[in-house]
Each structure stands twice: as C-alpha cells, then as structure tokens.
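Read off the chains here:
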Amino acid sequence: SGIGKTFTLPAQSLFGEAKRVAAVVDVSFRIPHGRTFGLVGESGSGKSTIAKMLLKLEAPTEGDLRVEGQPIFRQSPAEELAYRRKVQAVFQDPYGSLSPRMRADRIVSEPLRAHGMPRREAEARAPDLLRIVGLPPEAALKYPHEFSGGQRQRLAIARALSVDPQLLVLDEPVSALDVSVRAQVLALLRDMQQRLGLTYLFIGHDLAVVRYLSDIVGVMYFGRVVEVGPARQVLRQPFHPYTRRLVALASGDAPLGAVRMQGELPSPLNPPSGCLFRTRCTYADTTCIDQRPEMRDAGSEHMVACHHYEAVVAGTKAETGPQL
Ligand code: SF4
Ligand code: MG
C-alpha cells in the first residue's frame, strides 16, 4: 500500500516568480526500498529545494512533483495526511527544530498526536522510541537544552521514526555536529536502516559522509542532476567533469564546503546555453555551447549528462578551458 518500493520524482520544474528562474528542473530519481540515495552538490545546487518540495514545505510554481507516479501537490486532504506521515525529515539544526519548552517524551510523540493518537497513548511510546536511537528512558523527562547536540539529533530522529515513515529525508543531518559525534550519529542511521529497513534520501556536501551511507548517489549542478549511479562508482570513478572536480577537491583534507571550486556559478537570471557547466568546465568546446547534454546511460545503472565523458575519462579530451 501507499508509496511502495521506489520513489521517483520525474519531470517537475520550479520557476522563480517574476524572472522565471529555473531552480530545479526535470529532476528524476529512484530510491530502492531499504536503501540510501545520496544527493550531493555545492550549496545552491537545488538539493535542499528537492527536500523541501518532497516534504511539501515549498511548492513548485510550475509543474508538479510525483512520488510513485502520484502528483503530490494535487492531493485530497486525506491523501495529503497519509503522504505527510510516510515522508519524515531530519534537518541540520537539531536545536532549531525542537521546541525548547517541550519535554522529550512530547517531542518524540508529537507526530503520532498530529496523526490522531491520544496524548497518553502517544507519550507511552516515547521510551521505546528513545531506546531505538540509543537514549536512556529517563531522557523522556528532559528538555532540549539538557541534551548535547548529538543527543538532540537523536531526538529528532526518534520523532521522525515515531510514525513509521517509508522515506526519511535527511538534509545535512550531521553537518552541525562535532566530528566525533558525527560518526556516532551516522553509525546509528546505518544501524537503524539495517534493523528497520528504512529508506533514506541523504543530502550532504561532505563526500566522505555521503559515501559512508549511500548506495546510490546523484550529483546536482545548477538545479539538475548531472550524474547518478552506484555510490562507489560515482564517488570513486566519476564520469562527469563536475563530479570529477568535486571528488578531486574532496580528496584533500578540507571538506567540500570549505573548498572553493574554481570559477563562479552562472547567474540563474542568465543561464548559459548548451551545457550549464561549460562556464567552469576545462573540457568545454563548441558542442557544449550549442547543445544541452541529456542524461545518457553509461552502463551499470550509471547515467551522466556530458557530451564528452568517454574521452574525459579516457584522458583523450584536450583541455580547452571554460567556454564563457
Ligand atoms: Fe559540459 Fe562539455 Fe564539460 Fe561535458 S565537456 S561537462 S558537456 S562543458
Ligand atoms: Mg542546503
């Protein structure tokens, strides 16, 4: 019943108000049940926009977003209620998303109450939910400020799990945590996935973190997915020049967010013709100016949108410098 085994978000578009700025265009992907789809890209690439639309926190101004073939912005109130229960989220800032005056037992049981369970019954589930995320039962009586950052993120995870979601959207869930705590929360997420068969959309900019959790990785550039495939392939032997640059930058010590990629993102008001990456791509040529590359099957469920990826990977494509 419900959403079923895969999530697809085909052909939806989001346009800014007056200027018809494409923020996310024709993005489509599939998340196998019980697996993690990692979405990477620089900030401003549209990753969080996808998360917000999936959660119906933001609506497309044009087009629709389909999950399992159903347009989620044309649901009846009953369909919407069922959908909101199936798709839960954990965000970057656990403190901002937890009400400071609510006790932990109320926080983690809040979605159950929102979906009609009486308060006492909902709060009786709290100790179990806390245990699943590795918090002791007495944590139920505490308030958010009495928890560490990692514990608060565990609370946010417990709350998301309370309604037994089919998809958990994890938008940079460990980015705000200390490195040591980060590893614990990631291990918890991985362990929970194995025990409970959870399906994740994991949004991140740290490639090491994304690689740890993801089975499939999608790379976004300028509102489009430019490469998607098995995590190991995409993050170890990327095909798209943009992904190759991301991976090369991340192989240093600095996290991706701290490294500045050469060249500026193009202006959304004046997107380049042809390939959107050509203003920063060292392999760009006249074909890249004239034609927008479509997503092509590169084998083994690996897709890439680049005219010249074979030659780039083989090392036979001459570097021309960006075509501005
Ligand atoms: Fe785009 Fe051309 Fe560079 Fe491929 S080689 S990423 S098509 S600019
Ligand atoms: Mg973001």
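Values in this document were obtained by computation on a predicted structure and should not be read as measured data. (Residues numbered from 1 in each chain as written. Chains lettered and ligands numbered in written order. Predicted model: local features only at pLDDT ≥ 70, side-chain atom pairs only at ≥ 80, totals over all residues.)

## Looking at the confidence of the model for the chain
Thought 1: The predicted model of the chain has a mean per-residue pLDDT of 86, with 88% of residues at 70 or higher.
Thought 2: Here residues 1–22 is a poorly scored stretch, pLDDT under 50, and it has 68 contacts once near neighbours within four places are set aside; other chains count.
Thought 3: Overall fold confidence for the complex sits at a pTM of 0.88, while the interface term, ipTM, reaches 0.95. (pLDDT = per-residue confidence, 0-100. Contact = placed C-beta atoms within 7 Å.)

## Some thoughts on the pairing of strand β3 (residues 36–40)
Thought 1: Counted residue by residue, β3 has 5 buried out of 5 residues, so it is predominantly covered.
Thought 2: Both faces of β3 are covered, namely the face carrying Thr 36, Gly 38 and Val 40 and the face carrying Phe 37 and Leu 39.
Thought 3: Here 4 bridges tie β3 to strand β9 (residues 216–221), and the two strands are oriented parallel to one another. The residue bridging Leu 39 from the neighbouring strand is Gly 218, located in β9. (Buried ≥ 20, exposed ≤ 12 C-beta atoms within 10 Å, placed from the backbone. Helix = DSSP H or I, 4+ residues; strand = E, 2+ residues; numbered from the N terminus. Pairing = 2+ DSSP bridges.)

## What to know about the domain arrangement of the chain
Thought 1: Taken domain by domain, the chain consists of domain 1 (13–219) and domain 2 (237–314).
Thought 2: Of note, the centres of domain 1 and domain 2, computed from C-alpha atoms alone, are 29 Å apart. (Domains from an automatic or database assignment.)

## Comments concerning the site of ligand 1
Thought 1: In the vicinity of ligand 1, the contacting residues are Pro 241, Cys 275, Phe 277, Arg 278, Cys 281, Tyr 283, Ala 284, Cys 288, Pro 293, Cys 306, His 307 and His 308.
Thought 2: Within the shell around ligand 1, the residues separate by chemical class into 9 nonpolar, 2 polar and 1 charged. (Near = placed C-beta within 6 Å. Nonpolar A, V, L, I, M, F, W, Y, C, P; charged D, E, K, R; others polar.)

## Things to note about the environment of Arg 211
Thought 1: Within the secondary structure, Arg 211 is located in helix α8 (residues 207–213).
Thought 2: In this structure, the C-alpha to C-alpha distance between Arg 211 and Ala 231, residues 20 residues apart in sequence, is 6.4 Å.
Thought 3: Those residues in contact with Arg 211 that sit more than four places away from it in its chain are Ala 231 and Leu 235.

## Regarding the sheet that holds strand β7 (residues 167–171)
Thought 1: Within the open sheet, the 8 strands sit side by side as β6-β7-β8-β3-β9-β10-β12-β11. Their pairing is mixed. At either margin of the open sheet sits one strand with a lone partner, and together these are β6 (87–90) and β11 (296–297).

## Observations concerning the packing of helix α6 (residues 149–161) against helix α7 (residues 179–196)
Thought 1: Where α6 meets α7, the axes come as close as 10 Å, and the angle between the chain directions of the two elements is 20°. Relative to α7, the element α6 is oriented roughly parallel. Regarding α6 and α7, the two cross each other, and that crossing is right-handed. Between α6 and α7, the residues in contact are Gly 149, Gly 150, Gln 153 and Arg 154 and Val 181, Gln 184, Val 185 and Leu 188, respectively. (Axes fitted to C-alpha atoms, helices over the stretch in contact; angles between N-to-C directions. Parallel < 35°, antiparallel > 145°, perpendicular 65-115°, else oblique. Left-handed = near helix turned anticlockwise from the far one by under 90°.)

## Thoughts on helix α1 (residues 47–54)
Thought 1: Within α1, 6 of the 8 residues are buried, which leaves the element mostly enclosed by the surrounding structure.
Thought 2: Along α1, the residues classified as buried are Lys 47, Ser 48, Ile 50, Ala 51, Met 53 and Leu 54.
Thought 3: After α1 finishes, the residue Lys 56 shows a positive phi value of roughly 60°.

## Describing the pairing of β7
Thought 1: Among the 5 residues that make up β7, 5 are buried, leaving the element largely enclosed by the rest of the structure.
Thought 2: Along β7, one buried face is formed by Leu 167, Val 169 and Asp 171 and the opposite face, lined by Leu 168 and Leu 170, is buried too.
Thought 3: Taken together, the 4 bridges between β6 and β7 define a ladder with parallel strand orientation. Counted as the bridge partner of Ala 89 is Val 169 from β7.
Thought 4: Here 4 bridges tie β7 to strand β8 (residues 200–203), and the two strands are oriented parallel to one another. For Leu 170, the partnering residue across the bridge sits in β8 and is Phe 202.
Thought 5: Taking the sense of rotation as the criterion, the β-α-β connection linking β7, α7 and β8 turns out right-handed. (Right-handed = clockwise from strand over helix to strand, strands pointing away.)

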